[in-house]
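Residue strings, one per chain:
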Amino acid sequence: MTQATSLSRVFNPRSVAFYGASNNPMTMGTAQLATLMAQGYQGKIYPIHPKEEKVLGRPAYKTISELPEIPDLTVMVLPTKIVLGILEECGRAGVKAVIVVSGGFREIGESGVNLERELVQIARKYDITLIGPNCIGITNFNIGLNTTYFHNPGKSGGITIISQSGTYSCQVYDYLKDLGANLSHTVSVGNSAITDMSDFLYYFADEPTTKSIALYIEGISNGEKFIRAARYASERKPVVALYVGGTPAGARAGLSHTGALAGKDSVYEGVFKQTGIIRTDNFEELLDLAWALALLPPAKGRKICVLTNSGGPGASMADSCARAGLEVPLLSDELQSKIHRVLPST
């Protein structure tokens, strides 16, 4: 199975099995299953619980082997100590795509590193496409798929977020709705034990509903793979990025958050320039640029028109465009005449 095919299964599942939800509304797993149901996903949902007969009104199954079919996607919001055993059960049952929300792996240090190594061994043994661990999940708002903790009140749109922060992949829904910007997909990559940001860059470069890609980066472990993926993606659609590992404080925080290995800011700056990625300075700017680029068609050249209601801002914009390497041509008499028909005489 190719990576594109396996990720298509993740983002377009016909059925989802869910571990970790119950009838207790205070648990994280219950909230995430409730979100999946509330978002309007029309595929089959199979809660798995060792004791409950029903979970949130849906029939529950004691084990994965009791399901009437092999689910396309399985979500685990479970105590860390039982994740490996459950993943082994899923592998034996034929499950090929799993999201591990549970933390307590590489990000906590040496004991977690060993545990994550075992997790990877099981996933590879059964050829499982694994997202996470230590992530919040994924979305495809085109089909109402939302395995995260928060409901998205907005419509589906053209922005796809690939993030090493769960918060930045799912606590932006209300903010973007207020802007009028809409999401296509979001991915919380977590520790990237098997699938990483580069894999998702390749996938969304060819995914038709994605018009722009926004990256939140704390550190990249396989630089060569990322450079290839970034070039592939940026040749097909706009890619913008926020990198926070370029300072000692950011690097330290990223290591404890997802176990990400940060690098010198100048190195990432060079990689972004060489691969065509547009770098941003903060998260608001990341979303603004992704939004604008999702709506605008690719420019055919360097010529740009500045149209304002004030002379000073018009002059400063024209100057900024010229300094950025754009051309601000003098408009023809005919075009100026057409424009003046809809503008005040002054």
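Quick note: structure is the one above.
Below you will find a few notes about this structure. Computed from a predicted model, the values in this text were never measured in an experiment.

## So, the environment of K96
Line of reasoning, step 1. Note that K96 resides in the loop between α3 (80-93) and β6 (97-100).
Line of reasoning, step 2. K96 gets classed as partly exposed once you look at its relative accessible area, which sits at 25%.
Line of reasoning, step 3. Excluding residues within four positions of it along the chain, K96 makes contact with R9, Y126, D127, I128 and T129.
Line of reasoning, step 4. A distance of 2.7 Å separates a polar atom in the side chain of K96 from the backbone oxygen of Y126.

## Digging into the sheet that holds β6
Line of reasoning, step 1. Reading across the sheet, the 5 strands line up as β2-β1-β5-β6-β7 and stay open at both edges, with parallel pairing between neighbours. Strand pairing shows two members of the sheet lacking a second neighbour, β2 (44-48) and β7 (129-131), which therefore form its edges. Between one strand axis and the next, the sheet turns by 20° as a mean value, whatever way the strands run.
Line of reasoning, step 2. Looking at chain direction, β6 and β7 are connected through 3 bridges and run parallel. Bridge assignment links A97 to a residue of β7, and that residue is T129.
Line of reasoning, step 3. Against the sheet, helix α2 (residues 28-38) contacts β1 (15-19) and β2, and its axis sits at roughly 160° relative to β1.

## Some thoughts on a negative patch on the surface
Line of reasoning, step 1. There is a patch of like negative charges on the surface, built from D281, E284, E285 and D288.
Line of reasoning, step 2. On the accessibility criterion, D281 (68% relative accessible area) is exposed.

## Description of the packing of helix α7 (residues 197-205) against helix α8 (residues 223-234)
Line of reasoning, step 1. α8 packs onto α7 with a crossing angle of 15° between their chain directions and a minimal axis gap of 9 Å. One way to sum up the angle between α7 and α8 is to call them roughly parallel. You can see that α7 and α8 cross each other, and the crossing is left-handed. The residues of α8 that touch α7, namely those facing M197, S198, D199, L201, Y202 and A205, are K225, F226, R228, A229, A230, Y232 and A233.

## Quick look at the packing of aromatic side chains
Line of reasoning, step 1. With the rule as written, the count across this model stands at 12 aromatic pairs.
Line of reasoning, step 2. Between Y168 and Y216, the ring centres sit 4.9 Å apart and the planes meet at 70°, which makes this aromatic pair edge-to-face. One end of the pair, Y168, is in helix α5 (residues 166-170); the other, Y216, is in strand β12 (residues 212-217), with 48 residues separating them in the sequence.
Line of reasoning, step 3. Among the residues examined, Y216 registers a relative accessible area of 8% and is labelled buried.
Line of reasoning, step 4. Ring geometry for Y243 and Y268: centres 3.7 Å apart, planes at 10°, overall stacked. Linking Y243 in strand β13 (residues 239-243) with Y268 in helix α10 (residues 265-275), this pair joins segments that are 25 residues apart in sequence.
Line of reasoning, step 5. Here the aromatic residues F11, F200, Y203 and F204 are joined through ring pairs into a cluster of three or more.

Scoring rules and cut-offs
- Residues numbered from 1 in each chain as written.
- Predicted model: local features only at pLDDT ≥ 70, side-chain atom pairs only at ≥ 80, totals over all residues.
- Heavy atoms only, no water.
- Helix = DSSP H or I, 4+ residues; strand = E, 2+ residues; numbered from the N terminus.
- Buried < 20%, exposed > 50% of the residue type's maximum accessible area, 1.4 Å probe, protein only.
- Contact = heavy atoms within 4.5 Å.
- Polar contact = N/O pair within 3.5 Å; in protein donor to acceptor, adjacent residues only side chain to side chain.
- Pairing = 2+ DSSP bridges.
- Axes fitted to C-alpha atoms, helices over the stretch in contact; angles between N-to-C directions.
- Patch = residues over 30% accessible without salt bridge, like charges linked within 9 Å, V, L, I, M, F, W, Y side chains within 5 Å.
- Areas by Shrake-Rupley, 256 points an atom, 1.4 Å probe, with all protein chains shown as cover.
- Salt bridge = Lys/Arg side-chain N within 4 Å of Asp/Glu carboxyl O.
- Lys, Arg positive; Asp, Glu negative; His and termini not counted.
- Charge placed at Lys NZ, Arg CZ, Asp CG, Glu CD.
- Parallel < 35°, antiparallel > 145°, perpendicular 65-115°, else oblique.
- Left-handed = near helix turned anticlockwise from the far one by under 90°.
- Phe/Tyr/Trp six-rings, centres within 6.5 Å; stacked < 30°, edge-to-face > 60°.

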